[in-house]
Amino acid sequence: MVSDKFRPEESTLDRDPLESEGLNPDPERLIKEDTINFEVLKKLTGQSVLSVNQFDKELVLEICKFAALLESKEIAQSHPLDGKIVITAFFEASTRTRLSFESAVLRLDGKIISIPEGGTTGQAKGESLSDIGEMFNAYGDCVVIRHKDTSALGEIMHNLRIPLINAGNGTGEHPTQSLADWFAILKWKPELKETLNAADRMHLGILGTPGSMRAVNSFLRMSLLFNQNIKQISIVSEMADPLGEELTNKVKESGMDIIITNDVNDVVSDLDIIYMNSIAFLGDSYKSLDSRFKLDEKTKLKDDAVVLHPLARLDELDPMLDGTHHNLYFTQAHGAVFIRQALFVSILNRFNRLPKEEIPIK
Ligand code: CP
């Protein structure tokens, strides 16, 4: 059956490809009457990105503002990544992360060498990750790696002398995902750059288990940087201890008020931002959820609440929400290209290749 979304009478040329269903906040709102501090961004030059622990709020804001600028200006004609080669090495499946990293590079005229499936490397013959890392030094200027083993980054970095970007390591972290998450949130509500009045602070809900799910782990860590604008975080998880010791200590240090529940309906009507993920990653499959963890058109969301999801989704997030103003998840996925461009320009120090008339750098 042909989907009712297929509209043969409508030419795709008439439609902006980035105008997806749901909210599409204008990136210029994030940089209006503001300047980008490129001195802060230059701290990233030559650096690897492994964990959200490397970031402070100032750096997150400057990366997101730079991404907003890249989203709103036409800069490809100045070929910012010309002559640079990025290696994308994916030892675990991905739709968004690999393609958005590669799109980010190609749209800035860099080149890509891609390993879309780790089994095509010498690993299939028993080669070690540290030897593979040694080879990357000669073949590219930066490597983006995803691996199903949490410890893989340490092994690959053993011999690596070029910057590495962690694109998701097992149950560890996914730091550039949380930059894309907060980029979407800040485009939606630019006031979060400043300190809000107590009455305007957000109630943030996280559906998932930060202690064992990398996207929610990194999202929680980054959200703690915005603690002065968050009145409470509610974690909805099947686990009695969804954080684990290290994250629990981090939350305590931040002074954040956290409650834990196992039914989204306990808190959903008060949530301003809902971050959800498939609840449990089991190797190559996901454990499906019962109705206590799902959002659909019957869920009593606050009128102006927004939903984020790093995707892929199963049935925890009903497509009925796609066409509503609660949907920030498509913007979240699309904006990842510009976050990743901002990272590459910063890490590879190509600020001087940006068009000076569009992006004046002092
Ligand atoms: N958000 C995310 O990590 O998606 P993929 O698994 O498709 O890369």
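**Student:** I would appreciate a short explanation of the overall build of the protein chain in the present structure.
**Tutor:** Of the regular secondary structure elements, the protein chain holds 10 helices and 11 strands. Taken over 362 residues, the protein chain has a buried fraction of 54%. Here the contacts in the protein chain between residues at least 6 apart in sequence split such that 75% fall between residues at least 24 apart. Put simply, the protein chain shows about 16300 Å² of open surface, and 49% of that area lies on carbon and sulfur atoms.

**Student:** What am I meant to see in the sheet that holds strand β6 (residues 230-236) here?
**Tutor:** Pairing in this open sheet of five strands is parallel, and the strands run β7-β6-β5-β8-β11 from one edge to the other. Each having just a single partner strand, β7 (258-261) and β11 (306-308) make up the two edges of the open sheet. Ignoring which end each strand starts from, the neighbouring axes of this sheet average 20° apart. In the sheet, strand β5 (residues 202-207) pairs with strand β8 (residues 273-276) via four bridges, with the strands oriented parallel. Residue pairing for β8: G205 is matched across the bridge by I274.

**Student:** I would appreciate a short explanation of the site of the ligand in the present structure.
**Tutor:** Surveying the vicinity of the ligand reveals the residues S94, T95, R96, T97, R146, H174, Q177, P310 and L311. Between the ligand and the protein, one listed contact pairs an oxygen atom with a side-chain N or O atom of S94 at 2.6 Å. Between the ligand and R96 there is a distance of 2.8 Å, counted from an oxygen atom to a side-chain nitrogen or oxygen. In isolation the ligand has 260 Å² of accessible area, and contact with the protein removes 89% of it. Split by residue class, the shell around the ligand holds two nonpolar, five polar and two charged. Built from parts of two domains, the shell around the ligand gets at least three residues from each of domain 1 (21-173 + 335-353) and domain 2 (175-332).

**Student:** Sorry if this is basic, but what is going on with the packing of helix α8 (residues 214-224) against helix α9 (residues 244-254) here?
**Tutor:** Here α8 crosses α9 at 15°, and the two axes come no closer than 10 Å. Here α9 runs roughly parallel to α8, going by the angle between their axes. When the axes of α8 and α9 are compared, the crossing they make is left-handed. Judged by residue contacts, N217, L220, R221 and L224 of α8 engage E246, L247, K250, V251 and S254 from α9. Each residue belonging to the contact of α8 with α9 can be placed in one class, and the counts come to four nonpolar, two polar and three charged.

**Student:** Got a minute to help me understand the side chain of S346 in this structure?
**Tutor:** Relative to the elements of secondary structure, S346 occurs in helix α10 (residues 329-347). Those residues in contact with S346, other than ones at most four positions away along the chain, are L41, L44, T45, F66 and F351.

**Student:** Before we go on, may I ask you to explain helix α3 (residues 57-72) in this structure?
**Tutor:** For an α-helix the count is 3.6 residues per turn, leaving residues at separations of three or four pointing the same way. Between the first and last C-alpha of α3 there are 22 Å, a value that for 16 residues agrees with the 22 Å anticipated at 1.5 Å per step. Here α3 lies mainly inside the structure; 13 of its 16 residues are buried.

**Student:** Sorry if this is basic, but what is going on with the packing of aromatic side chains here?
**Tutor:** Any aromatic ring pair is given by two values, namely how distant the centres are and how the planes are angled relative to each other. Counting across every chain of the model gives eight aromatic pairs. Here F38 and F66 contribute two aromatic rings whose centre-to-centre distance is 5.3 Å and whose plane-to-plane angle is 80°, an arrangement assigned as edge-to-face. On the criterion of sequence distance, the pair formed by F38 in helix α2 (residues 38-41) and F66 in helix α3 is long-range, its members being 28 residues apart. For the pair W182 and F226, a centre-to-centre distance of 4.1 Å together with 5° between the ring planes defines the contact as stacked. In this pair, W182 is assigned in helix α7 (residues 175-188) and F226 in the loop between α8 and β6, connecting sequence segments 44 residues apart.

**Student:** Explain the state of the cysteines to me, please; I cannot follow it from the model alone.
**Tutor:** If you walk through the whole model with that rule in mind, you get zero disulfides. For C64, which is in no disulfide, the shortest distance to another cysteine sulfur is to C142 and amounts to 18 Å. What makes C142 buried here is its relative accessible area of 0%.

**Student:** Sorry, what's going on with the domain arrangement of the protein chain here?
**Tutor:** Bring the parts together and some accessible area is lost; that lost area is often taken as the interface size. As far as domains go, the protein chain holds domain 1 (21-173 + 335-353) and domain 2 (175-332). Look at where the C-alpha atoms of domain 1 and domain 2 centre, and you get two points 24 Å apart. The interface of domain 1 with domain 2 comprises 44 residues on the first partner and 40 residues on the second. For the domain 1 and domain 2 pair, buried surface summed over both sides reaches about 3400 Å², with 61% attributable to carbon and sulfur atoms. Considering only the side of domain 1, the residues that lose the most area to domain 2 are L23, V52 and K57, jointly responsible for 19% of the buried surface there.

**Student:** Got a minute to help me understand the nonpolar core in this structure?
**Tutor:** Soluble, globular proteins show a tendency: their nonpolar side chains are buried together. F55, I63, F66, W182, L220, I233 and F344 are the most contacted members of the largest nonpolar core, which has 77 residues in total. Per-element tally for this core: the top contributor is α3, with 10 residues. The residue makeup of this core includes at least three contributed by each of domain 1 (21-173 + 335-353) and domain 2 (175-332). Formed by 16 residues, the second largest nonpolar core is a distinct cluster that contains L271, M276, L295 and L301.

What counts as what
- Residues numbered from 1 in each chain as written.
- Predicted model: local features only at pLDDT ≥ 70, side-chain atom pairs only at ≥ 80, totals over all residues.
- Heavy atoms only, no water.
- Helix = DSSP H or I, 4+ residues; strand = E, 2+ residues; numbered from the N terminus.
- Buried < 20%, exposed > 50% of the residue type's maximum accessible area, 1.4 Å probe, protein only.
- Contact = heavy atoms within 4.5 Å.
- Areas by Shrake-Rupley, 256 points an atom, 1.4 Å probe, with all protein chains shown as cover.
- Pairing = 2+ DSSP bridges.
- Axes fitted to C-alpha atoms, helices over the stretch in contact; angles between N-to-C directions.
- Near = heavy atom within 4 Å.
- Polar contact = N/O pair within 3.5 Å; in protein donor to acceptor, adjacent residues only side chain to side chain.
- Nonpolar A, V, L, I, M, F, W, Y, C, P; charged D, E, K, R; others polar.
- Domains from an automatic or database assignment.
- Parallel < 35°, antiparallel > 145°, perpendicular 65-115°, else oblique.
- Left-handed = near helix turned anticlockwise from the far one by under 90°.
- Expected span 1.5 Å × (residues − 1).
- Phe/Tyr/Trp six-rings, centres within 6.5 Å; stacked < 30°, edge-to-face > 60°.
- Disulfide = S-S within 2.5 Å.
- Buried area = accessible area lost by both parts, 1.4 Å probe.
- Core = buried A, V, L, I, M, F, W, Y, C linked by side-chain atoms within 4.5 Å.

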